[in-house]
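Residue-level structural notes
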Amino acid sequence: MYALVDGNNFYVSCERVFRPSLQDRAVVVLSNNDGCAIARSNEAKALGIAMGAPWFQIRHLEESAGLVSLSANFTLYGDMSERMMSLVAGLGHRQEIYSIDESFVDLTGIAGDWGERARRVRERVLTWVGIPCCVGLGATKTLAKLANHIAKTAERKPGLYPAHLAQVCALGQLSVAEQRALFEATPVGEVWGVGRRIAQRLQAAGVHTVADFMRCEVSWVRANASVVLERTWRELHGMPCIDLDDVPNDKQQIACTRSFGQPVLTLGDLQAAVTTFTQRAAEKLRGQASRAGAVLCFVRTSPFRQQDRQYANSVVVPLVRPSADTPELVQAALVGLSRIHRPGYRYAKAGVMLLDLVPQSWQQHELDWGEAMPGDAQAAQVAQLERPRERLMAALDAINTRYGRGALTLAATQAGSAEQPWQMKQARRTPRYTTHWEELAQVRA
DNA sequence: TCTGGGGTCCTAGGACCC
DNA sequence: TCTGGGGTCCTAGGACCC
């Protein structure tokens, strides 16, 4: 038995904790560069604002409907998430943190009424952290997800589902007939693992609801889709196919990509941006004690500016040996950039991805390493050469941890024009209330 | 004028091997 | 005139998730 706990409109809820005046108002949180709505309060959803709606298309609602928009404050959301997750962990013995606002908990070995237990944890998160959540319980992760969707929808749009399922929905505590009624009322596209494309294909074949999908022959699912969708089908029938991932593996690739605050015209500005992105990716890389075997660099113009000449390109630069050294990775990224950069375009976005990651502890020997020497001596020599650089990187990370990200950076991040047009825009970011001394919430007597 | 960022997994097809 | 069978590895692209 699994529970899925999901924060409601998570980013908006985080903001409301520190600004109660946002309660009951239409609020959106915007993506980087204040580009699109990536979180919406229920009131904002009721205004018809879609997920991902561009801000410039909805900003008229500021005037006409009192819409409030905020720049994303990921530092705050990450910290609030940790607080919420630590409470949710108390639901069972094993927890998988699935995303910033969602967590699966394995209820195996937990006695008593699971629905009641879920209600208590939900209440505790609301009281101690201030975040409202919904909980779904089911025999598999896919069923828990579906139950969570029902719990959320029953709360937000009364009428579609029975009212007593709002906030907490435990499928296992319902009769077969009640469950079937829920499945008949739920579009197949709401199922975890059924995206837009597959939903379209299913609908074309006459499969509209979860119940329709469950009635399909599994062999038909396999033949007409893939083994992935077959697993989804089995999970809906109560056969667990997707394990709880409570000890996540190291990332297989690490990316840092950004849209620019303004169009970038010069190579110098692109170099500063790519250096900054690589530096950030390298921090993440060392954070999981890995090295990268290759660096991918890409640039592109804005596909939305049809009047501009378009250009997009990427290149993978392999490294001689895996590295977690910021200057080495930056050098590779800049070599890549010089290969794909073409003058005369209005660049809108660039990015760096670190690929072929291996654990730091791996030691790759080389056939042509100087004179022949026994393997151990060779390894020792490589280690000796690398140690000062590793210590330098460790010092860099320690300083940036202590004094804040960006306290110590490569000089190359300052290349290009002084205005740094690639820096992102964040016009309305709220204070980092819980993680920065200067930005703590103040109480006035 | 203004349109996010960061991941994972699966499959098909080509190159190559014996 | 005739041209096997079985396998691995890699990559690109497509699907999904939040």
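Our structure's up above, just so we're on the same page.
Predicted model only: the values in this text are computed from it and were never measured.

For the rest of this paragraph, the subject is the packing of helix H7 (residues 141–156) against helix H12 (residues 227–236). In contact at an axis separation of 7 Å, H7 and H12 are set at 70 degrees when each is read in the N-to-C sense. Viewed along their axes, H7 and H12 adopt a mutual orientation that is roughly perpendicular. In contact with Lys141, Thr142, Leu143 and Leu146 of H7, H12 contributes Thr232, Glu235 and Leu236. Grouping the constituent residues of the contact of H7 with H12 by class yields three nonpolar, two polar and two charged.

Moving on, we get to the packing of aromatic side chains. What characterises a pair of aromatic rings is the spacing of the ring centres plus the angle enclosed by the ring planes. The final tally for this structure, using the stated rule, is 12 aromatic pairs. Ring geometry for Tyr98 against Phe104: centres 5.6 Å apart, planes inclined by 70 degrees, an arrangement best described as edge-to-face. Sitting above the plane of the Trp128 ring, Arg124 keeps its charged end 5.4 Å from the centroid. Of note, Arg309 hangs over the ring of Tyr345, and the distance from its end group to the ring centre comes to 4.5 Å.

The local shell around DNA strand B holds 22 residues, among which Arg231, Ala255, Thr257, Ser259 and Arg305 are the closest. In DNA strand B, atoms within 4 Å of the protein come 71% from sugar and phosphate. Arg231 places a side-chain nitrogen or oxygen 2.7 Å from a phosphate oxygen of DNA strand B. Listed by contribution, the elements that provide at least two residues to the surface near DNA strand B are H12 and strand S9 (254–264). Considering each element in turn, the surface near DNA strand B owes the most residues, six residues, to S9. For the surface near DNA strand B, the per-class residue count stands at nine nonpolar, seven polar and six charged.

Spatial strand order, S5-S6-S1-S7-S8: five strands in an open sheet with mixed pairing. Two strands bound the open sheet, and with one partner strand each, they are strand S5 (94–99) and strand S8 (168–170). Between one strand and the next, the sheet's axes are offset by a mean angle of 15 degrees, whatever the strand orientation. Looking at chain direction, strand S1 (residues 2–7) and strand S6 (residues 102–106) are connected through five bridges and run antiparallel. Residue pairing for S6: Leu4 is matched across the bridge by Phe104.

Another aspect to go through is the pattern of salt bridges. Applying the stated rule across the entire model yields 22 salt bridges. In this structure, Asp6 engages Lys152 in a salt bridge whose closest nitrogen and oxygen atoms are separated by 3.1 Å. Of this pair, Asp6 sits in strand S1 while Lys152 sits in helix H7; the two residues are 146 residues apart in sequence, bridging distant segments of the chain. Judged by relative accessible area, Asp6 falls into the buried class, the value being 5%.

Now for unusual backbone geometry. Despite not being glycine, Asp24 shows a phi value in the positive range, around 65 degrees. Its location among the elements puts Asp24 in the loop between helix H1 (10–18) and strand S2 (27–30). For Asp24, a relative accessible area of 64% gives the class exposed. Notably, Gln420 is not glycine yet its phi reads approximately 50 degrees, a positive angle. Summarising the element assignment, Gln420 is placed in the segment after helix H15 (375–403). Look at Gln420 and you get buried, because its relative accessible area is 13%.

Backbone-to-backbone hydrogen bonds pair the strands of a sheet. The strands run either parallel or antiparallel. Strand order in this open sheet of three strands is S3-S2-S4, and the pairing throughout is mixed. In this open sheet, the two strands that pair with only one neighbour each are strand S3 (37–40) and strand S4 (68–71). Neighbouring strand axes in the sheet, compared pairwise and without regard to direction, differ in orientation by 30 degrees on average. Of the pairings in the sheet, the one linking S2 to S4 comprises four bridges and is parallel in character. Residue pairing for S4: Val27 is matched across the bridge by Val68. Those strands touched by H1 are S2, S3 and S4, and its axis lies near 110 degrees from that of S2.

About the criteria used
- Residues numbered from 1 in each chain as written.
- Chains lettered and ligands numbered in written order.
- Predicted model: local features only at pLDDT ≥ 70, side-chain atom pairs only at ≥ 80, totals over all residues.
- Heavy atoms only, no water.
- Axes fitted to C-alpha atoms, helices over the stretch in contact; angles between N-to-C directions.
- Helix = DSSP H or I, 4+ residues; strand = E, 2+ residues; numbered from the N terminus.
- Parallel < 35°, antiparallel > 145°, perpendicular 65-115°, else oblique.
- Contact = heavy atoms within 4.5 Å.
- Nonpolar A, V, L, I, M, F, W, Y, C, P; charged D, E, K, R; others polar.
- Phe/Tyr/Trp six-rings, centres within 6.5 Å; stacked < 30°, edge-to-face > 60°.
- Lys NZ or Arg CZ within 6 Å of the ring centre and 35° of its normal.
- Near = heavy atom within 4 Å.
- Polar contact = N/O pair within 3.5 Å; in protein donor to acceptor, adjacent residues only side chain to side chain.
- Pairing = 2+ DSSP bridges.
- Salt bridge = Lys/Arg side-chain N within 4 Å of Asp/Glu carboxyl O.
- Buried < 20%, exposed > 50% of the residue type's maximum accessible area, 1.4 Å probe, protein only.

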